[in-house]
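# Per-entry structural report
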Amino acid sequence: MLGYSCEEVIGKDTPEIFHKQDEIKERKKQYEDEFSVKIKTNFEVCVFKTTKGIENSDEWKYVNKNGSQFNVVLHITFLDDEDGNKIGYLGLFEDVTDKKKKEKQIHDYMQVINQNVISSYGDLKGNIKQVSDAFCKICGYQKEELIGNSYSILRHSSM
């Protein structure tokens, strides 16, 4: 998937090779601000959460050898020897490019429905839980005015 030979990555700082550098810089700043620490290398950014005992499964954008990019979820954990001593890190990545495309398609489809289909749903007590933009357009209320209120808010004043 990455297009590199073993010789090109073994013993190398892999975040320098196939991570987007602007993404590394963003995470570095985020972690430094959030945890009040200084992170020195790109590798430290990638394993930072693992070293703090925090689950480390984050989305990244990888760049393969030919320059094309793809979305991954990178899972990093400690690598232990048979005595339980930490001897390194194990990083597994999952290509989520297709998943991201499908999520975008679903999001776009839901936007079409939201804007063009008059819909709402409520709880068993008759309180409005959600309404579409098309619903608001027809009734003249804003979502904030409807959600949490009873459907009776929509009755004409003469009823």
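Report follows, based on the coordinates. (Residues numbered from 1 in each chain as written. Predicted model: local features only at pLDDT ≥ 70, side-chain atom pairs only at ≥ 80, totals over all residues. Heavy atoms only, no water.)

## Regarding the pattern of salt bridges
Two side chains with opposite charge may pair up if their charged atoms get near one another. Put simply, the rule reads: What makes a salt bridge here is a side-chain nitrogen of Lys or Arg within 4 Å of a carboxyl oxygen of Asp or Glu, nothing more. The classification of residues rests on relative accessible area computed with a 1.4 Å probe and restricted to protein chains. Under 20% of the type maximum is buried, over 50% is exposed, and intermediate values are partly exposed.
Per the stated rule, a full pass over the model turns up nine salt bridges. As a salt-bridge pair, K38 and E32 come within 4.0 Å of each other at their nearest N and O atoms. Given the relative accessible area of 68%, K38 is considered exposed. Sharing partners across several salt bridges, the network here consists of K28, E32 and K38.

## Quick word on the nonpolar core
To keep things clear, this is the line we draw: Here, nonpolar core means buried Ala, Val, Leu, Ile, Met, Phe, Trp, Tyr and Cys residues that are tied together by side-chain atoms lying within 4.5 Å of each other. Working definition: helices are DSSP H or I runs of at least four residues, strands are E runs of at least two. Numbering for both runs from the N terminus. It only takes one pair of heavy atoms within 4.5 Å for two residues to be counted as in contact.
Counting residues in each nonpolar core, the largest one holds 15 residues, and the members touching the most others are V45, W60 and Y62. Going through the elements one at a time, α3 (21-35), α4 (42-51), β1 (57-63) and β2 (69-80) are the ones with two or more residues in this core. With near-sequence residues (within four places) excluded, V45 lies in contact with I24, R27, K28, Y31, I39 and W60. Among the nonpolar cores identified, the runner-up in size contains five residues, and I128, V131, F135 and L146 belong to it.

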